[in-house]
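# Chain and residue survey
Listed below are the residues making up each chain.
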Amino acid sequence: MRVLLVDDEPLALARLEVGFREIADARIVGFARNGEEAIAQIGSLRPDVVILDVKMPLRDGLEVARTLDGDDAPEVVFVTAYEQFAPSAFEIEAADYLLKPIRFERLRVAVERARRRRAARDAGARIEELESVVDALRADTRVVDDPAPYESELWVPSLHGVVRVATASIVWIEAARDYVILHTAARSLILRETMGRMQERLDPALALRVHRSAFVNPAAVTGIQRLGKGQIAVVLSDGQAVTVGPNYSRRVLDALNARGRP
């Protein structure tokens, strides 16, 4: 993938450049140090992905992202030291939102998510639509005596209206102040909701609470990391490792063992 790095801090650009040395099949094609340069570089270089700082001179990253439109628009991964911009970033439907200082493993996960989104778009297919078909097929095979107590889909506000998200497609959920961020295989979306309310709305078979600020889909768990001192993390299908809170460890391990997981 062709990648454009945009940040007004030289050290931040240098760190991103180092991080991309470990990401296969991604090539940096240019750099920009403010919003105007970013727009010009996007127009001339046609990158697949833009790693975009939020606070910059001339135009900030959110303004730059709002200028991107059309089938050939690059995927956007925001980077910033300020988490309060997350709601605006996800309303623009960014692929991901990374807080500085950026961890290289987290950068790799964000780029892989952008790669999947780009591939789905280039193929003219939306992953959410395929997942909804699978959900419908699964529903047809179930025998349901009573109405399901949990929601099978969420409707999330976005820049152009609302987006339907099948709950079975959510890989994990994290808290962000007054919001929750829903991470699917293809995108991340933000919803104004509390974690307590999410626990009431979602089937624990699809959203297992592993921390006071995180849920994971048990079907997406690929392994367990031992962090020492009895602490563990669950490793997900997108490579993300989510730390399990001490008060949740036994319950999480029991739930995963019931599914035949380690």
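Per chain, residue numbering runs from 1 following the sequence as it is written. Side-chain atom pairs in this predicted model are given and counted only at pLDDT of 80 or more, local residue features only at pLDDT of at least 70, and totals for whole chains, interfaces and linings cover all residues. Hydrogens and water are ignored here; the side-chain numbers use all heavy atoms of the structure.

### Concerning the sheet that holds strand β13 (residues 221-228)
- Two strands make a pair as long as DSSP finds a minimum of two bridges between them. Counting from the N terminus, the helices are the DSSP runs of H or I reaching at least four residues and the strands are the DSSP runs of E reaching at least two. Judged by pairing direction, the sheet is antiparallel, and its 3 strands sit side by side in the order β13-β14-β15 without closing on themselves. The open sheet has two edge strands with one neighbour each: β13 and β15 (241-243). On average, each strand axis in the sheet is inclined to that of its neighbour by 30 degrees, with strand direction left out of account.
- Bridging between β13 and strand β14 (residues 231-236) involves 6 bridges; their strand directions are antiparallel. Within β14, the position partnered with G223 by the bridge is V235.
- Sheet strands in contact with helix α8 (residues 249-258) are β13 and β14, and its direction is about 40 degrees off that of β14. To define axes, lines are fitted to C-alpha atoms, for helices over the stretch in contact only, and angles between the resulting N-to-C directions are given on a 0 to 180 degree scale. Contact definition: two residues touch when any of their heavy atoms are within 4.5 Å.

### Focus: the pairing of strand β9 (residues 179-184)
- Relative accessibility decides the category of a residue: with a 1.4 Å probe and only protein chains considered, values under 20% of the type maximum give buried, values over 50% give exposed, and everything between is partly exposed. Taking burial as the measure, the 6 residues of β9 include 5 buried ones, the bulk of the element.
- Pairing of strand β8 (residues 170-176) with β9, which is carried by 6 bridges, proceeds in the antiparallel orientation. Across the sheet, residue A175 finds its bridge partner in β9, namely V180.
- Counted between consecutive antiparallel strands, the loop separating β8 from β9 contains 2 residues, among which R177 sits at a positive phi close to 60 degrees.
- With antiparallel pairing between neighbouring strands as the criterion, β9 and strand β10 (residues 188-191) make up a hairpin whose turn holds 3 residues.

### Examining the packing of aromatic side chains
- Pairs were defined over the aromatic rings of Phe, Tyr and Trp, the Trp ring being its six-membered one, requiring ring centres within 6.5 Å. Orientation was assigned from the angle between planes: stacked under 30 degrees, edge-to-face over 60, tilted for the rest. Taken as a whole, this structure holds 0 aromatic pairs when the rule is applied.
- Charges are assigned to positions over rings by a cutoff of 6 Å between ring centre and Lys NZ or Arg CZ, combined with an angular limit of 35 degrees from the ring normal. Cation over ring: K55 sits above Y82, and NZ or CZ is 5.0 Å from the ring centre.
- Taking the ring centre of Y179 as reference, the NZ or CZ of R192 above it sits at 5.2 Å.

### Observations concerning the nonpolar core
- By size, the foremost hydrophobic cluster in this structure holds 22 residues, and its most contacted members are V6, V50, L52, L62, F78, F90 and Y97.
- Once residues within four sequence positions are removed from consideration, L52 is found in contact with V6, G61, V64, A65, V76, V77, F78 and V79.
- Here the nonpolar core consists of buried residues drawn from Ala, Val, Leu, Ile, Met, Phe, Trp, Tyr and Cys, with membership extended through side-chain atoms lying within 4.5 Å. Core analysis: the next-biggest nonpolar cluster, separate from the first, contains 19 residues, L5, F20, V49 and V77 among them.

### Examining unusual backbone geometry
- The residue after K100, namely P101, is reached through a cis peptide bond having omega -5 degrees.
- With respect to the helices and strands, P101 occurs in the loop between β5 (96-99) and α5 (104-122).
- With a phi angle near 70 degrees, L58 is a residue other than glycine that sits in the positive phi range.
- Mapped onto the elements, L58 comes out in the loop between β3 (49-53) and α3 (61-66).

### What about the pattern of salt bridges?
- Salt bridges are defined by distance alone: a side-chain nitrogen of Lys or Arg within 4 Å of a carboxyl oxygen of Asp or Glu. The final tally for this structure, using the stated rule, is 15 salt bridges.
- For R59, the salt bridge is made with E36, and the minimal N-O distance between the two is 3.4 Å. Here the residue R59 occupies a position in the loop between β3 and α3, and E36 occupies one in helix α2 (residues 35-45), the gap between them amounting to 23 residues.
- Take E36: its relative accessible area is 39%, and that puts it in the partly exposed class.
- When salt bridges with common partners are traced through the structure, they connect D7, E9, D53 and K100 into a single cluster.

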